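Residue strings, one per chain:
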Amino acid sequence: MAILNVLDWLITLLGFCVVAYQAAYVLVSFFAKPEAFPDAPMDKRYAVLISARNESAVIGNLIGDLQSQSYPRDLIDIWIVADNCTDNTADIARSMGCNVVERFNQEQIGKGYALSYLLDNMADQGRASQYDAFFVFDADNRLDHHYVEEMNKAFQSGFKVLTSYRNSVNLNENWVSSGTALWFLRESRFVNSSRMVIGSSCHVAGTGFMFSREIMERNNGWKFHLLTEDMEFTMDCVLHGDRIGYCGSAILYDEQPTSFRQSWRQRVRWSKGYLQVFRYYGAAMIRHGIQERDFSALDLTLLVCPFMVLTALRLALGALFAALGFVSWSSQLGAVNGWGMGVVVSMLTMMLLAAMTVIAERDKIRASNKELFAYCLSFPIFALSYVVISFQAIFAKPEWKPIVHKG
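Residues numbered from 1 in each chain as written. Predicted model: local features only at pLDDT ≥ 70, side-chain atom pairs only at ≥ 80, totals over all residues. Heavy atoms only, no water.

- Under an unreviewed UniProt entry, the name given to the protein is Glycosyltransferase, and the source organism is Bifidobacterium vespertilionis.
- What the UniProt record of the protein gives under Sequence similarities (unreviewed entry) is the line "Belongs to the glycosyltransferase 2 family." (UniProt positions renumbered as here; feature names shortened; annotations may be inferred.)

In structure tokens form, the structure reads like this:
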């Protein structure tokens with residue numbers, strides 16, 4: 001049937017494009033010199049925005065890191081939105097000299113809504129316009145001593161939106177935390193770094209990013225409320241012609257889930273959020289990419305492309321047509337076998353990517369060689385679980401739920 005051939009061709013083409021440009025990014029990262037930013041005066045005033053829900057175990061660590069930065073402390077104001085908290089997160093933040101806004105809303109749940117509430121509150125107080133730019137962090141983050149200083153250099157070089165190097169505090173805890181940690185290290189080392197070299201736009205990934213006052217005013221605060229508000233924000237920036245920069249010398253440490261159940265739930269939400277972003281921004285991004293000859297738009301559209309939706313549709317139609325006698329079952333089983341081989345190749349590729357990430361970033365990873373060898377072997381299993389997760393996300397109605405952090 002023609003429609004099956006078209007779907008086969010489309011899935012193969014998109015898959016080839018993803019593999020091709022990802023491979024190109026890896027090559028660029030190894031042979032091109034990472035972009036470095038010149039020294040800049042430390043005279044800009046920054047607001048740090050942190051959405052925290054029952055984060056009393058970790059919030060003090062991040063506040064302490066911010067207050068001990070190499071950047072002048074009096075030019076960094078910390079704003080916490082204690083979002084539906086039932087613990088003493090707000091009290092801890094206040095005792096450490098932070099600006100605290102408490103929010104209680106069980107209908108609009110998620111970091112996007114919390115950031116909107118916080119920025120609206122700052123605007124109502126006449127405070128938002130005082131800052132040159134805004135940082136966004138998760139409450140469990142830890143920061144390198146020079147983080148703000150390095151981001152300031154990149155900001156003063158002309159970028160209105162920036163993301164940073166994302167490392168992890170607990171990569172070596174177990175195979176689940178290492179899977180997510182290696183995924184983010186790979187994005188920093190091989191994807192965002194290479195995008196900077198070729199002049200493309202990077203993407204924001206949840207935490208460790210900043211945006212200028214101009215961007216804040218254009219958006220009237222924060223207007224992004226999909227399940228992956230970070231990717232929604234990224235798409236909006238690209239559509240407005242803003243190139244998102246990457247500062248590899250600004251290092252953030254994130255705490256990853258250690259429970260496979262928590263990790264699964266988190267990634268179902270991310271996968272569903274990507275489907276939402278493609279639904280609302282996909283057509284506009286493709287059109288923008290073609291009309292403006294903007295590779296960034298096509299690159300980022302492929303990042304959220306609903307491959308599993310296309311695959312599920314292909315399998316369903318193949319089974320239906322075989323049941324009706326329009327095509328043979330053997331031809332459909334042959335297609336499934338071909339995809340199975342593709343999965344095997346993908347697992348081997350993921351293992352290779354994990355190993356390359358470890359080799360390239362060994363000096364930044366807190367784990368023994370023995371642990372890293374084991375995590376490279378387990379990384380394909382972690383990555384392969386995304387196949388089932390992506391399928392589940394098509395039908396799931398995930399909600400934002402907090403992840404318990406240990407600190």
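Now, onward.
1. Concerning the packing of aromatic side chains
Here is step 1: Evaluated as defined, the whole model comprises 26 aromatic pairs.
Here is step 2: Considering the side-chain rings of F134 and F211, the 5.6 Å spacing of their centres and the 25 degrees angle between planes classify their relative orientation as stacked. Of this pair, F134 sits in strand 4 (residues 133–138) while F211 sits in strand 7 (residues 209–212), placing them 77 residues apart in sequence. Accessibility assignment for this pair places F134 and F211 in one class, buried.
Here is step 3: Ring plane angle 40 degrees and centroid distance 6.2 Å describe the contact between F209 and W222, whose orientation is recorded as tilted. Separated by 13 residues along the polypeptide, F209 in strand 7 and W222 in the loop between helix 7 (213–218) and helix 8 (229–239) bring together distant segments of the chain.
Here is step 4: Look at F209 and you get buried, because its relative accessible area is 1%.
Here is step 5: Taken together, the ring pairs connect Y131, F134, F209, F211, W222, F224 and F233 into an aromatic cluster. (Phe/Tyr/Trp six-rings, centres within 6.5 Å; stacked < 30°, edge-to-face > 60°. Helix = DSSP H or I, 4+ residues; strand = E, 2+ residues; numbered from the N terminus. Buried < 20%, exposed > 50% of the residue type's maximum accessible area, 1.4 Å probe, protein only.)

2. Section: the UniProt feature "transmembrane region" (unreviewed entry) in the protein
Here is step 1: On the UniProt side, "transmembrane region" (unreviewed entry) is annotated at positions that read residues 6–32, 300–327, 339–360 and 372–395 here.
Here is step 2: The distance separating the terminal C-alpha atoms of residues 372–395 is 35 Å; by composition the span is 100% helix and 0% strand.

3. Structural notes on the pairing of strand 3 (residues 99–103)
Here is step 1: Bridging between strand 2 (residues 76–83) and strand 3 involves five bridges; their strand directions are parallel. Directly across from I80, in strand 3, lies its bridge partner V100.
Here is step 2: For the crossover from strand 2 across helix 3 (residues 89–95) to strand 3, the handedness is right-handed. (Pairing = 2+ DSSP bridges. Right-handed = clockwise from strand over helix to strand, strands pointing away.)

4. What about the packing of helix 6 (residues 175–198) against helix 13 (residues 369–395)?
Packed helices, taken two at a time, are described by the angle between their axes plus the distance between the axes.
Here is step 1: Look at helix 6 against helix 13: their axes get within 9 Å of each other, and the N-to-C directions meet at 80 degrees. Compared by their axis directions, helix 6 and helix 13 come out roughly perpendicular. Judged by residue contacts, W175, V176, S178, G179, T180, L182 and W183 of helix 6 engage Y375, S378, F379, I381, F382, A383 and Y386 from helix 13.
Here is step 2: Of the residues in the contact of helix 6 with helix 13, the class split is ten nonpolar, four polar and no charged. (Axes fitted to C-alpha atoms, helices over the stretch in contact; angles between N-to-C directions. Parallel < 35°, antiparallel > 145°, perpendicular 65-115°, else oblique. Contact = heavy atoms within 4.5 Å. Nonpolar A, V, L, I, M, F, W, Y, C, P; charged D, E, K, R; others polar.)

5. A word on the domain arrangement of the protein
Here is step 1: Each domain of the protein was delimited in the assignment, giving domain 1 (1–31 + 304–395) and domain 2 (46–258).
Here is step 2: Between the C-alpha centres of domain 1 and domain 2 the distance comes to 30 Å.
Here is step 3: On the domain 2 side, the residues contacting the 28 residues of domain 1 number 26 residues.
Here is step 4: Note on domain 1 versus domain 2: buried area summed over both sides is about 2500 Å², and carbon and sulfur give 70% of it.
Here is step 5: Together, Y25, R366 and Y375 form the three largest contributors to the area buried by domain 1 at its contact with domain 2, with a combined 26%.
Here is step 6: Put simply, R189 and E361 hold a salt bridge, and the shortest N to O gap is 2.7 Å. (Domains from an automatic or database assignment. Buried area = accessible area lost by both parts, 1.4 Å probe. Salt bridge = Lys/Arg side-chain N within 4 Å of Asp/Glu carboxyl O.)

6. Considering the pattern of salt bridges
Any two side chains of opposite charge can pair, on the condition that their charged atoms come close.
Here is step 1: A complete count under the given rule lists 20 salt bridges for this structure.
Here is step 2: A salt bridge links K160 to E214, with the shortest nitrogen-to-oxygen separation between them at 2.9 Å. Placement of K160 in the loop between helix 5 (147–156) and strand 6 (161–168) and of E214 in helix 7 is noted, with a sequence separation of 54 residues between them.
Here is step 3: Given the relative accessible area of 46%, E214 is considered partly exposed.
Here is step 4: A salt bridge links R213 to E217; the shortest N-O distance between them is 3.9 Å. With R213 and E217 both in helix 7 and four residues apart, this pair spans about one turn of that helix.

7. Description of the state of the cysteines
Here is step 1: Summed over the entire model, instances satisfying the criterion amount to zero disulfides.
Here is step 2: Counting only cysteine sulfurs, C85 is the nearest neighbor of C98, a cysteine outside any disulfide, at a range of 13 Å. (Disulfide = S-S within 2.5 Å.)

8. Points about the pairing of strand 6
Here is step 1: Of all the eight residues making up strand 6, eight are buried; the element is thus mostly covered by neighbouring parts of the structure.
Here is step 2: As defined by bridge partners, strand 6 adjoins strand 7 across three bridges and the pair is classed as antiparallel. If you follow L162 over to strand 7, its bridge partner there is M210.
Here is step 3: Relative to strand 8 (residues 244–254), strand 6 runs parallel, the two sharing eight bridges. Within strand 8, the position partnered with S164 by the bridge is C247.

9. Re unusual backbone geometry
Excluding glycine, residues mostly have negative phi values, and the peptide bonds linking residues are mostly trans.
Here is step 1: For N84, which is not a glycine, the phi torsion comes out positive at approximately 55 degrees.
Here is step 2: Mapped onto the elements, N84 comes out in the loop between strand 2 and helix 3.
Here is step 3: Here N84 falls in the buried class, since its relative accessible area comes to 4%.

10. Here's the deal with the environment of A57
Here is step 1: Here A57 is to be found in the loop between strand 1 (46–52) and helix 2 (59–67).
Here is step 2: The class of A57 is partly exposed, set by a relative accessible area of 49%.
Here is step 3: Separated by 157 residues in the primary sequence, A57 and E214 place their C-alpha atoms 34 Å from one another.

11. Some points on the nonpolar core
In a soluble, globular protein the nonpolar side chains are often hidden away together inside.
Here is step 1: Counting residues in each nonpolar core, the largest one holds 98 residues, and the members touching the most others are L49, I50, M122, F137, F211 and F233.
Here is step 2: Among the elements that take part in this core, helix 13 stands out by supplying eight residues, more than any other.
Here is step 3: Taken together, domain 1 (1–31 + 304–395) and domain 2 (46–258) each give at least three residues to this core, which thus spans both.
Here is step 4: What I50 contacts, discounting residues up to four positions off in sequence, is I59, L62, L66, I78, W79, I80, V81, L118, F137, D138 and A139. (Core = buried A, V, L, I, M, F, W, Y, C linked by side-chain atoms within 4.5 Å.)

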